Amino acid sequence: MHLLDLMDALRRMTLIRAYEDTLVTLLSQGRAGGTCTSVGGEASAVGVVSALAPEDLILTNHRSAGHLLARGADPGRLLAEVMGRRDGYCGGFAGSLHVSARELGVVLTSTIVGGELGLCTGVALSQKVLDKPGIVACFFGDGAAAEGRFHESLNLAAVWELPVLYICENNEWQAYVHRRETMLGDGIAARAAAYGVDSASVDGCDVAAVFDAAATAADAVRSTGRPFLLETRGYRLRGHLEPDDQAYVDAAELARWRGQDPLDVLRRRLEEAGLAPAELDAVTREAEARMEAAVAFADASPLPDPARLLDTVYA
Amino acid sequence: MITTESTVRQVTLAQAIGEALAEEMRRDPRILMFGEGTATKRPDLVAEFGPARVRNTPLAEGIIAGTAAGAAATGLRPVADLLFAPFLCYAMDEIVNSAGKLRGLSGGQFAFPMTILAMTGAGWGVGAQHNHNVEAWFVHSPGLKVVMPSTAGDMKGLLKTAIRDDNPVLVFTDIGLLEQAGPVTDAAIPLGRAALRREGDDVTLISYGKTVATCLDAAARLAEQGMSAAVLDLRSLKPLDEAAILASVRRTGRAVIVHEAAAPCGVGAEVAAILAEKAFAALKAPVVRLTGPDAPAPGNFMLEQALLPSPDAVTAVAARLCAGPVPCPA
Ligand SMILES: Cc1ncc(C[n+]2csc(CCOP(=O)(O)OP(=O)(O)O)c2C)c(N)n1
Ligand SMILES: [Mg+2]
């Protein structure tokens, strides 16, 4: 098991935050459409993705920017996609909600809640039958765990022994409904036992803890060829779909979780380890500079030719 | 042109499905097949190809279709048997939203070479939750292809092509035709080409599935009455053979569209619209549809048969159209 480079994690998490902040700004200027930001989910994204091997495949959902950037997506091309430009990962046809980047191993992004749960078993079946190296990491939300597909997927992966690492990013919110209104019990991880699947739950605001849990889980999937369910516990720090004033969010609860902002948690840890605040600030400035360049790149990218739409419908 | 020598044999449509599956799986190791009871009911395929390629699944149509889509996008060529067409409702998301859309949405990054099998239609008296001709739903969804053969030979040839196609293809089996025997070969039949089952000059009877036989029956009766009816078997609903439809109706000037599925927004509506848009000048009479009722199919063998478009009805409507100027059919 390799070790997580915390400075590298900080760089990636900071880039994700800078990316989302930039997108919100662009949105307010009318230059980009509404988006589901991953603010608050940076530690979960970076912790899990850092524990994956390059040959592993990722399926994600509507809240995908963290997973993509953690995997090394170019923020310029990601932004170009969200702004509907030709240089986006999907040629400008996906927008922010369905970004797949096959070259990065991020496949079949679905914005149907639970869609990725329905597809990941097939991707894992290919890996298994074609004897390809690499496991399949499937990210989904606590809301998706209410869909029937969650149960169908875990059950099939268990009985067919498919190498799927299920990652439930429990951020307490399911669009405009709090998790406690839609489920009894405290978390999703316990459900795995019913399907004979091992599981773990981890503090999703602590990137080092997420990395350790994900590395252990990924090793288990790799060595047994069986699925594993990892639940990361965090909080959606921004609204569901931008713009969202979060008027429906309990202020005290939000404040409590803001105190555990994954970026602050990591910065505090690095400061305690002796890093100078100036070094950490440099990471932020570096991310901001990358985003400035990304905006320039996306702005310069041409719009896709509408006539091309029909070219990609059928193979 | 080189034609491969392939022997013609008589098999039932059900056997034709088995032959197509076995021949294609033999040809391409990436093809695998699964569904509820697939391995149990196809021991010959299990014996030849092994349990990894022929699988029983849990009772969960959504994940069956989703697994097929995920596997198709990443290197396999799955065939999923979803049994009865109404069960497709449980698998709609994976077929329509994933397999049908994720190629276009991703800018062409993925292909979905997968085949979905489903049975439908009158024949077993099993009622509307097992018998519902929903083929038009999928014609209306981008990224999908749809076939519904009327003969054993077409079933075999079209299923082989469906499996070779790089897109999701829904192959509907008409329950009423399962035990009908017909000649088969080893040749694949291209999608998107209708079959002109009978030439004719006065009226074109356009159909697919079991009502093709109804139309052939009607055409024989019309001939006895001195009218020459062409019978066009669409067999591929998407892509649809517009050229064949237009060619025949431009020649006859009259069209009766016959299918078991209900009329509203069905395949017949599409064909009628194509004729109105592209063959209006050639039409000598209104285009007429004869379809099954817009009602849940009864779980009653007698009623099921009674509600199908009948040769009598097709004959009567076609004869009326041929009789002279018809302002509007009753
Ligand atoms: C099938 C379906 N139902 C509803 C929606 C609308 N929707 C989009 S995201 C979302 C909330 C999902 O909650 P969760 O799975 O917890 O993920 P999160 O957004 O919290 O990351 C909803 C209801 C959808 N996209 N798909
Ligand atoms: Mg959630």
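Here is a short report on the structure shown in this document.

About the cut-offs
Residues numbered from 1 in each chain as written. Chains lettered and ligands numbered in written order. Predicted model: local features only at pLDDT ≥ 70, side-chain atom pairs only at ≥ 80, totals over all residues. Heavy atoms only, no water. Pairing = 2+ DSSP bridges. Helix = DSSP H or I, 4+ residues; strand = E, 2+ residues; numbered from the N terminus. Axes fitted to C-alpha atoms, helices over the stretch in contact; angles between N-to-C directions. Contact = heavy atoms within 4.5 Å. Donors = N, O, S within 2.8 Å, 3.2 Å for Na, K, Ca; no water. Buried < 20%, exposed > 50% of the residue type's maximum accessible area, 1.4 Å probe, protein only. Parallel < 35°, antiparallel > 145°, perpendicular 65-115°, else oblique. Left-handed = near helix turned anticlockwise from the far one by under 90°. Nonpolar A, V, L, I, M, F, W, Y, C, P; charged D, E, K, R; others polar. Disulfide = S-S within 2.5 Å. Phe/Tyr/Trp six-rings, centres within 6.5 Å; stacked < 30°, edge-to-face > 60°.

## Brief notes about the sheet that holds strand β7 (residues 228-233) of chain A
All names here are of chain A. Pairing is parallel in the open sheet, where five strands are placed in the order β1-β2-β3-β7-β6. Each edge of the open sheet is held by one strand with a lone partner, namely β1 (57-59) and β6 (198-203). In this sheet, neighbouring strand axes are inclined to one another by 20° on average, regardless of whether the strands run parallel or antiparallel. For β6 and β7, the ladder comprises six bridges, and the chain directions are parallel. Within the sheet, the bridge partner assigned to Asp-198 lies in β7 and is Phe-228. Against the sheet, helix α6 (residues 148-159) makes contact with β2 (136-141), β3 (164-170) and β7, and its axis sits at roughly 150° relative to β3, the strand it touches most.

## Details of the coordination of the magnesium ion (ligand 2)
All names here are of chain A. Protein-derived ligands of the magnesium ion (ligand 2) are Asp-142 (OD), Asn-171 (OD1) and Trp-173 (O), with the metal-ligand distances lying across 2.0 to 2.1 Å. Between consecutive donor residues of the magnesium ion (ligand 2), the sequence gaps follow D-x28-N-x1-W. Note on accessibility: Asn-171 and Trp-173 belong to one class, buried.

## Brief notes about the sheet that holds strand β10 (residues 203-207) of chain B
All names here are of chain B. Taken together, the five strands give an open sheet; going across it, the order is β9-β11-β10-β13-β14, and neighbouring strands pair in mixed fashion. Both edges of this open sheet fall to β9 (195-198) and β14 (288-292), since each of them pairs with a single strand only. Taken pair by pair, the neighbouring strands of this sheet meet at an average axis angle of 25°, ignoring direction. For strand β13 (residues 255-262) and β14, the ladder comprises five bridges, and the chain directions are parallel. Of the residues in β14, the one forming a bridge with Val-256 is Val-288. Contacts between helix α10 (residues 242-252) and the sheet are confined to β10, β11 (229-233) and β13, with β10 contributing the most and set at about 155° to the helix.

## Examining the packing of helix α1 (residues 6-28) of chain A against helix α10 (residues 277-300) of chain A
Residue and element names in this part refer to chain A. Contact geometry of α1 with α10 gives a least axis separation of 8 Å together with a crossing angle of 45°. Judged on the interaxial angle alone, α10 and α1 are oblique. You can see that α1 and α10 cross each other, and the crossing is right-handed. Seen from α1, the contacting residues are Met-7, Leu-10, Arg-11, Thr-14, Leu-15, Ala-18, Tyr-19, Thr-22 and Leu-26; seen from α10, they are Leu-280, Val-283, Thr-284, Glu-286, Ala-287, Arg-290, Met-291 and Val-295. When its residues are assigned to classes, the contact of α1 with α10 shows eleven nonpolar, three polar and three charged.

## Topic: the state of the cysteines
Joining two cysteines, a disulfide is a covalent bond between their sulfur atoms. Within this structure, the stated rule accounts for zero disulfides over all chains. Residue Cys-138 of chain A stays outside any disulfide, its sulfur separated by 3.9 Å from that of Cys-120 of chain A, the closest cysteine. Judged by its relative accessible area of 0%, Cys-138 of chain A is buried. Cys-89 of chain B supplies the cysteine sulfur nearest to Cys-265 of chain B, a cysteine that is in no disulfide, at a spacing of 16 Å.

## Concerning the packing of aromatic side chains
To describe a pair of aromatic rings, one takes the distance between the centres and the angle between the planes. Within the structure shown, the criterion is met by ten aromatic pairs over all chains. Relative to Tyr-248 of chain A, the ring of Trp-173 of chain A lies with its centre 5.3 Å away and its plane at 75°, an arrangement referred to as edge-to-face. Here the residue Trp-173 of chain A occupies a position in strand β4 (residues 173-174), and Tyr-248 of chain A occupies one in the loop between β7 and α8 (251-258), the gap between them amounting to 75 residues. Overall, Trp-173 of chain A belongs to the buried group, its relative accessible area being 7%. Pairing Phe-138 of chain B with Phe-172 of chain B gives two aromatic rings, centres 6.0 Å apart and planes at 45°, and the pair type is tilted.

From the geometry alone we can't say anything about function, so treat these as descriptive.
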